[in-house]
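Analysis of the macromolecular model
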Amino acid sequence: MDEKPEGHTDGIHKEDQGKPVEVEEMHSLNISKDDVNKLEEGNKEDKDDKHAEQGDRMNKDGDLDSKAQEEVNETTREDLAEEEQEPVFDGTEVPGMQANRCSSTRSLDPDPEEEGSVWPEKAVALKNFVKEKGAAVTSVLRRLSLKRDGVEQANVDVDKDTSDSAKLGEQAAMSPRTAERSAWNPLNYIKVSRDTDSESKAEHGKNNIEESLLPIATKGRIILYTRLGCRDCREARLFLQRKRLRYVEINIDVYPSRKLEIENVSGSCAVPKVFFNEVMIGGLSELKGLDESGKLDEKIDFFISEAPSPEAPLPPLPGEDDVSDNGPVDELAVIVQKMKATIVVKDRLYKMRRFTNCFLGSEAVDFLSEDQYLEREEAVEFGQKLASEHFFRHVLDENLFEDGDHLYRFLDHDPTVSSQCHNIPRGIIELKPKPIAEIASMLRFLSYAIFEAYASEDGRHVDYRSIHGSEEFARYLRIVQVLQRVKVQDMPREEKLAFFINLYNMMAIHAILAWGHPAGPLERRRLFGDFKYVVGGCTYSLSSIQNGILRGNQRPPYNLLKPFGVKDKRSQVSLPYPEPLIHFALVCGTRSGPALRCYSPGNIDKELMDAARDFLRAGGLIVDLSGKVAYASKILKWYSVDFGKNEVEVLKHASNYLEPTDSEALLEIIADAQLKVIYQPYDWRLNC
């Protein structure tokens, strides 16, 4: 959103981002201007008193030199600004933009190179001061230590006599790859998120009892049979969760062969059905009846100490009822595999540049001529057919395929594909590519099953740990491998919208499970830009799907360039114009993001409008009628160009999805030019 000159408001008084965060975070509908001013004055007095008290202690001791005191004051100012909203970073960020932006917006993450040269002296000086003077700056040092732990690369030389300093030195001495693995442990994201929540709630005197309740340790196994869209199945999940019982869910729509298993035991395929080991407990009504009579606790006690017998139902087996790997063998793929084993693939020079894992067009023509018994011109045409099927491509995309000294590279030998794409672990698939409509239907069906089983009913919370070990997620990984050589250019708008939204949401879950939840803007930039899939022979990141495909190749926030250039083949897949409602459907794993749900091409527009209503009415846009203040989600600010030309048009667009009374009141305040807009802080924590 473009900043407006002073005095030009377009009918809205825009709140300055420099206001205290406490004011920005207020969501009450009964906030008056006087209350806000009093709160600001009170906060200012508290901070001044705090700084004055700390300054008196330092002056009284008199042993801290001017340099150390400046460092403490600077750190304190950084702490006060720590909760200010960070800008959006994604994979299309232009190098150097962060440094240019620091002149106007304070960066919360230090530059690794600068930090490596300045930090050791600061750490040692502050640590010695704290040792001598007690707890005067303990909180400051703790914050500095937390910030230092987030730096991945630093070349430090610290005092070996101090154990803490030695630990910092060991961490900084790690190789970048080792430090990266340490910072991106994929199984620690929930722990980190919960630890952060616990600290925050402890500071406010709150205890979340439910979060501390872990599942009961048992020797037995619970099997829950369900099907898609079943209300009783949802109630059965919640019942077992409240009882702290860990269970394995078998959806008979996903595993149709299991219907016969239920019929053989119970005489009916009605669900839900719950088994404690080999004993069938029954459905939801039977569970509730046992609980009311007190007999359920007896069965649970027996189930805790007894392991399942061979007659007990088994969890889903790897590859069970999975048809993603089925299909006819692609004869072209067989020829390409033979071609890869025959021709010379090596690093070569081309137009004063070095390209890895390449082969000459003339060598490929020689192979095709001999292997397929073709004339040279016919071999060139056959090679063009292979290139059009995305088996290989020109290293500079100068042509499809020609004879001569042109360099070409197989799809799985491309450096970006081999290093950043996570849906091509086994190389080129030898099965014939399925139609994109069939793959999209499989993806939609599986996503629906995963969201229903491992996400809360409102879609706001996701059980990532259970998804990680599920057979459904393993099947998803097999499905996305089939996307390597599909045709996506000619998809209709509705099918393209639903397919890429569902793919984005599942791809974000895959990225979090593979790399962990990003802790800061630089890690978010890496997750949005470096975690990729290869689809139809081209690579797509989360950012390129959102901004390149679904937004019609629009410039991402805080970026200067569009995702796709003029000659980029991916621009042929982009939608012709931005779809603003996709911002209420794309879920990247944050708490301030929209709810997780599945989308279908036949009803995509209505589903997107429903998603917009749910998001904006659930806190995405709060209107304080008495104070004439609108508290809006940062999504409406970051992507304002998709909703309107200015802030007035953005709010008018958003008002269409509010409750009718709230919408009318908002439009009246906008017409009177009395509305003040405050953008809510964005909660980047994991939505677990």
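Provided above is the structure to which this section pertains.
Let me sum up the structure you'll find in this document. Computed from a predicted model, the values in this text were never measured in an experiment.

**Some thoughts on the overall build of the chain**
- Within the chain, the secondary structure is distributed over 29 helices and 14 strands.
- The buried share of the chain, reckoned over its 688 residues, is 47%.
- If you take every contact in the chain between residues at least 6 apart in sequence, the share linking residues at least 24 apart comes to 71%.
- Counting every atom, the chain has about 34,500 Å² of accessible surface; 49% of that belongs to carbon and sulfur.

**Looking at the sheet that holds strand S9 (residues 407-410)**
- As summarised here, the arrangement of the four strands in space is S6-S7-S9-S8, forming an open sheet in which the pairing is antiparallel. What marks the edges here is a single partner per strand, and that holds for strand S6 (346-350) and strand S8 (392-394). Averaged over all neighbouring strand pairs, the angle between strand axes comes to 55°, with direction disregarded.

**Side note on the pairing of strand S2 (residues 222-226)**
- Taking burial as the measure, the five residues of S2 include five buried ones, the bulk of the element.
- Neither face of S2 is exposed, since Ile222, Leu224 and Thr226 on one face and Ile223 and Tyr225 on the opposite face are all buried.
- For S2 and strand S4 (residues 273-276), the ladder comprises four bridges, and the chain directions are antiparallel. Counted as the bridge partner of Leu224 is Val274 from S4.
- As defined by bridge partners, S2 adjoins strand S3 (residues 248-251) across four bridges and the pair is classed as parallel. Residue Tyr225 lies in a different strand from S3, and its bridge partner there is Ile250.
- Considered for its hand, the β-α-β crossover made up of S2, helix H11 (residues 231-242) and S3 is right-handed.

**Details of the environment of Ile281**
- Of note, Ile281 is situated in strand S5 (residues 279-282).
- The buried category is assigned to Ile281, whose relative accessible area is 10%.
- With 59 residues separating them along the chain, Ile281 and Ile222 place their C-alpha atoms 10.0 Å apart.

**Structural notes on unusual backbone geometry**
- Of note, the amide linkage connecting Val271 to Pro272 takes the cis form, showing an omega dihedral of 5°.
- With respect to the helices, strands and loops of the structure, Pro272 is situated in the loop between helix H12 (258-266) and S4.
- Backbone geometry places Asp397, a non-glycine residue, at a positive phi of 55°.
- Mapping Asp397 onto the fold places it in the loop between S8 and S9.
- For Asp397, a relative accessible area of 39% corresponds to the partly exposed category.
- Phi is positive for Ala673, which is not a glycine, with a value near 55°.

**A closer look at the packing of aromatic side chains**
- Evaluated as defined, the whole model comprises 20 aromatic pairs.
- On the basis of an interplanar angle of 75° and a centroid distance of 4.9 Å, the ring pair of Phe499 and Phe500 is categorised as edge-to-face.
- Owing to a relative accessible area of 2%, Phe499 belongs among the buried residues under this scheme.
- Since its relative accessible area comes to 0%, Phe500 is described here as buried.
- Ring-pair connections join several aromatic residues into one group, and the members of that group are Phe359, Phe392, Phe401, Tyr408 and Phe410.
- The ring of Trp684 carries the charged tip of Arg524 above its face, separated from the ring centre by 3.7 Å.
- A cation sits over an aromatic face here: Arg526 above Trp515, 3.9 Å from the ring centre.

**Remarks on a negative patch on the surface**
- Together, Glu375, Glu377, Glu378 and Glu381 make up a negatively charged patch on the protein surface.
- Residue position: Glu375 is located in the loop between helix H16 (361-372) and helix H17 (376-388).

**Examining the packing of helix H21 (residues 471-481) against helix H22 (residues 493-515)**
- Orientation of H21 relative to H22, taken along the N-to-C sense of each, is 115°, at an axis distance of 12 Å. As H21 runs across H22, the sense of the crossing is left-handed. Where H21 abuts H22, its residues Phe473, Tyr476, Leu477 and Val480 lie against Leu503, Met506, Met507, His510 and Leu513.
- Grouping the constituent residues of the contact of H21 with H22 by class yields eight nonpolar, one polar and no charged.

**Quick word on the pattern of salt bridges**
- Taken as a whole, this structure holds 32 salt bridges when the rule is applied.
- Glu452 is paired through a salt bridge with Arg234; the nearest N and O atoms lie 3.4 Å apart. Of this pair, Glu452 sits in helix H19 (residues 436-454) while Arg234 sits in helix H11; the two residues are 218 residues apart in sequence, bridging distant segments of the chain.
- A network of salt bridges, in which partner residues are shared, links Arg231, Arg234, Arg237, Glu249, Glu452 and Glu457.

**Some points on the environment of Val534**
- In this fold, Val534 is placed in strand S10 (residues 532-535).
- Taking relative accessible area as the criterion, Val534 reaches 0% and is therefore assigned buried.
- For Val534 and Thr416, which are 118 residues apart along the polypeptide, the C-alpha to C-alpha distance reads 9.4 Å.
- Contacts of Val534, omitting those with residues within four sequence positions, involve Leu411, Cys421, Asn423, Ile424, Leu483, Gln484 and Thr539.

**Brief notes about helix H14 (residues 295-305)**
- Of all the positions in H14, only Leu296, Ile300 and Phe303 are classed as buried. All buried residues of H14 fall inside an arc of 65° around its axis, so they share one side. Summarising the geometry of H14, the exposed residues directed more than 90 degrees from the buried face are Glu298, Asp301 and Phe302.
- In this structure, the buried side of H14 is in contact with S2, H11, S4 and helix H13 (284-293).

**Regarding the sheet that holds S2**
- One open sheet accounts for four strands, arranged S3-S2-S4-S5; its pairing is mixed. Looking at strand neighbours, the two that pair on one side only are S3 and S5, the edges of this open sheet. This sheet shows a mean twist of 25° between the axes of neighbouring strands, independent of strand direction.
- The sheet contact formed by S4 and S5 spans three bridges and is antiparallel.

What counts and what doesn't
Position numbers for residues start from 1 in each chain and track the written sequence from start to end. Confidence filtering applies because this is a predicted model: local features only for residues at pLDDT of at least 70, side-chain atom pairs given and counted only at 80 or more, and all residues used for totals across whole chains, interfaces and linings. In computing side-chain properties, one takes all heavy atoms of the structure into account and sets aside hydrogens as well as water. Each helix is a run of H or I in the DSSP string that is no shorter than four residues. Each strand is a run of E no shorter than two, and both are numbered from the N terminus. For the exposure calls, accessible area comes from a 1.4 Å probe over protein chains only, and a residue counts as buried if that area is under 20% of its type's maximum, exposed if over 50%, partly exposed in between. In what follows, residue pairs with any heavy atoms lying within 4.5 Å of each other are defined as contacts. Here the open area of atoms and residues is found with the Shrake-Rupley method and a 1.4 Å probe, where only the protein chains shown may cover a residue. Strands were regarded as paired on the criterion that DSSP finds at least two bridges between them. Axis angles are defined between N-to-C directions and span 0 to 180 degrees, where every axis is a line fitted to C-alpha atoms and, for a helix, only to the segment in contact. Handedness of a crossover: with both strands directed away from the viewer, a clockwise path from the first strand across the helix to the second marks it as right-handed. Two aromatic rings, drawn from Phe, Tyr or Trp (for Trp, its six-membered ring), form a pair once their centres lie within 6.5 Å of each other, and the interplanar angle then sorts them: stacked below 30 degrees, edge-to-face above 60, tilted otherwise. To sit over a ring, a charge needs its Lys NZ or Arg CZ within 6 Å of the ring centre and within 35 degrees of the ring normal. Patch membership is restricted to residues that have no salt bridge and whose relative accessible area is over 30%. Joining uses 9 Å for like charges and 5 Å for the nonpolar side chains Val, Leu, Ile, Met, Phe, Trp and Tyr. We count a salt bridge whenever a side-chain nitrogen from Lys or Arg sits within 4 Å of a carboxyl oxygen from Asp or Glu. Lys and Arg are tallied as positive, Asp and Glu as negative. Neither His nor the chain termini are counted. By convention, the point assigned to a charge is CZ for Arg, NZ for Lys, CD for Glu and CG for Asp. Left-handed is the label given to a crossing in which the near helix is rotated counterclockwise from the far helix by less than a right angle, and right-handed is the label when the rotation is clockwise. The residue classification treats Ala, Val, Leu, Ile, Met, Phe, Trp, Tyr, Cys and Pro as nonpolar and Asp, Glu, Lys and Arg as charged. All others, Gly included, are polar. It is the directions from the helix axis to the C-beta atoms that the arc portrays.

Take it as geometry only, folks, not as evidence of what the structure does.
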